[in-house]
Amino acid sequence: MSRQKKRIVVKVGSSSLTDERGIICMERMKTLVESLVRLKQEANTEVLLVSSGAVAAGLGHLQWSRTMITMPEKQAAAAVGQGLLIETYKHLFAEYGEMIAQLLLTRGDIEDRKRYVNIRNTLETLLHYGIIPIVNENDTVAVDEIRFGDNDTLGSWVGILAEADLVILLTDIDGLYTANPKEHPDARRIEVVKEITPELEKAAGGTGSVHGTGGMKTKLQAAKIAMQAGIELVIAHSRTERVIERVVAGEPLGTRFLPQKRLSGKKQWIAFGSKVKGRLFVDDGAADALVHGGKSLLAPGIVRIEGTFTEGDAVEIVQLDQRVIAKGIVNYSDADLRMICGSSEHHLREVVHRDVMILLEGVV
Ligand SMILES: Nc1ncnc2c1ncn2[C@@H]1O[C@H](COP(=O)(O)OP(=O)(O)O)[C@@H](O)[C@H]1O
Ligand SMILES: N[C@@H](CCC(=O)OP(=O)(O)O)C(=O)O
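Residues numbered from 1 in each chain as written. Chains lettered and ligands numbered in written order. Predicted model: local features only at pLDDT ≥ 70, side-chain atom pairs only at ≥ 80, totals over all residues.

Caption draft 1: The packing of helix α7 (residues 151-161) against helix α9 (residues 215-229), seen in detail. Where α7 meets α9, the closest approach of the two axes is 7 Å, and the angle between their N-to-C directions is 15 degrees. When the interaxial angle is binned, α7 and α9 end up roughly parallel. Relative to α9, the crossing made by α7 is right-handed. Of α9, the residues touching α7 (which contributes D152, T153, G155, S156, G159 and I160) are T218, K219, Q221, A222, I225, A226 and A229. Looking at side-chain class alone, the contact of α7 with α9 contains five nonpolar, six polar and two charged residues. (Axes fitted to C-alpha atoms, helices over the stretch in contact; angles between N-to-C directions. Helix = DSSP H or I, 4+ residues; strand = E, 2+ residues; numbered from the N terminus. Parallel < 35°, antiparallel > 145°, perpendicular 65-115°, else oblique. Left-handed = near helix turned anticlockwise from the far one by under 90°. Contact = placed C-beta atoms within 7 Å. Nonpolar A, V, L, I, M, F, W, Y, C, P; charged D, E, K, R; others polar.)

Here you go:
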């Protein structure tokens, strides 16, 4: 891609925006805003901010305790806090003549191709006009099935949507360690990650680890998505002096996750965004044609169809031994496809075209 400006996403966690009592800290927000403005105005960089802190800001304003809080109360706090948060950002950025925009997203918005494209167009337009997008999860509507669940993953998603060059996750520790340093004082910081191995996942804490919204576990998941999408991601300490500028300049701060080969925009959505609505089981000949021959999937290779889907939905292409070999956009509904596969008529149109198919080896 030949964009003239560098494009970066900065995600800032609640722990970096609040003080020891969990109350939003104006000084910390100011420092963040100053850095983003410097990058934009002096370093020819487009910036997008993914900011947590709505729940914390709401709880503080309502003077509600953070313990013993129900999910609807948390969502109510986020609804109060989000307005306050964005109002504060608006004033802080305005001091430097910068305009901001608010985007509240859920995972469900990404899974729907039309909404995904709309979000992408909105972001592109905002950046074109020099407006700084500030993104958070739409906590009011987000229930488990449609939640990102954590803003780390959302950060990588915004990176994908905006086709960013770099995602920076700012947190309260200076990177990923070989183990949680709070429990293992001898743990070492990992400077560069080329591949996310099971050992690394173990270092970041398995399920049941009780740190923040997800501790390092969600940051590692976010890193995996970014790397596979071809975007570099850095985890760094929010309180390191001029951290954003220094990370962008390539200083070895925090933990840097190196990107893999970049997929095209549509293939990125197929790989990471689209929700699988059905499964097409294929015979060995079709599997071989897809994996080794670079071919599209045609009806004669399909042995069994599972699920309910319409044209344009994402389906998995599966071998008879249950191995998933590809994911792609199907050209028929399941009803039409059953009819086509059951008839001896010759159908020219591919069931899944090569251009909208990704082979899963090394992707998921
Ligand atoms: N291997 C590890 N390396 C670094 N930090 C870890 C590790 N395992 C768990 N952690 C914990 O993750 C915390 C950061 O995550 P979190 O509190 O969710 O931050 P944020 O609010 O910025 O998203 C650290 O303070 C640390 O206690
Ligand atoms: N959407 C929530 C933040 C969720 C979240 O991931 O928080 P954090 O781990 O602090 O980045 C909020 O604004 O309070």
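Caption draft 2: Highlighting the environment of L253. You can see L253 is positioned in the loop between α10 (243-248) and β8 (255-257). Assessed through the 23 C-beta atoms surrounding it within 10 Å, L253 is described here as buried. A sequence separation of 17 residues divides L253 from A236, and the C-alpha atoms of the two residues are 6.6 Å apart. (Buried ≥ 20, exposed ≤ 12 C-beta atoms within 10 Å, placed from the backbone.)

Caption draft 3: Highlighting the sheet that holds strand β11 (residues 314-319). Taken in spatial order, the five strands make up an open sheet running β10-β9-β11-β12-β13, and their pairing is mixed. Edge strands, defined here as strands with exactly one partner in the open sheet, are β10 (302-307) and β13 (352-359). Sheet twist, expressed as the mean angle between neighbouring strand axes with direction ignored, is 30 degrees. In the sheet, strand β9 (residues 276-282) pairs with β11 via six bridges, with the strands oriented parallel. Bridging across to β11, R279 finds its partner in E316. Seen against the sheet, helix α11 (residues 265-273) touches β11, β12 (324-330) and β13 and runs at an angle of roughly 60 degrees to β13. Against the sheet, helix α12 (residues 284-291) engages β9, β11, β12 and β13, with an angle of about 80 degrees to β12. (Pairing = 2+ DSSP bridges.)

Caption draft 4: How the structure looks around the packing of helix α3 (residues 54-62) against helix α4 (residues 71-94). The geometry of α3 relative to α4 is characterised by a closest axis approach of 6 Å and an angle of 95 degrees between their N-to-C directions. Comparing the axis directions of α3 and α4 gives the class roughly perpendicular. Between α3 and α4, the residues in contact are A54, V55, A56, A57, G58, L59, H61 and L62 and K74, A77, A78, A79, V80, G81, Q82, L84 and L85, respectively.

Caption draft 5: Local environment of the nonpolar core. Ranked by size, the top nonpolar core spans 93 residues in total, and within it V9, V10, V158, V167, I168, A226 and L233 carry the most contacts. It is α9 that contributes the most residues to this core, eight residues altogether. Taken together, domain 1 (6-264) and domain 2 (275-359) each give at least three residues to this core, which thus spans both. The contacts of V9, once residues within four sequence positions are left out, are L48, V50, G155, V158, G159, A162, A164 and V167. (Core = buried A, V, L, I, M, F, W, Y, C linked by C-beta atoms within 7 Å. Domains from an automatic or database assignment.)

Caption draft 6: How the structure looks around the environment of V248. Mapped onto the elements of the fold, V248 is located in helix α10. Among the residues examined, V248 registers 21 C-beta atoms within 10 Å and is labelled buried. On a C-alpha basis, the gap between V248 and V234 in space is 9.4 Å, while along the polypeptide they are 14 residues apart. When sequence neighbours within four positions are dropped, the list of residues in contact with V248 reads I8, L39, T45 and L166.

Caption draft 7: Region of the structure containing the confidence of the model for the chain. Chain-level pLDDT for the chain is 90 on average; 94% of the residues reach the 70-or-more range. Here residues 207-211 is modelled with pLDDT under 50, and outside its nearest four sequence neighbours on either side it reaches three contacts, counting other chains as well. Here the prediction assigns the complex a pTM of 0.86, and the interface score ipTM is 0.96. (pLDDT = per-residue confidence, 0-100.)

Caption draft 8: Main features of unusual backbone geometry. With phi around 55 degrees, N44 is a residue other than glycine that occupies positive phi space. As for its position among the elements, N44 is in the loop between α2 (26-42) and β2 (45-51). Unlike most non-glycine residues, Q322 shows phi in positive territory, near 80 degrees. Mapped onto the elements, Q322 comes out in the loop between β11 and β12. On the neighbour-count criterion, Q322 (8 C-beta atoms within 10 Å) is exposed.

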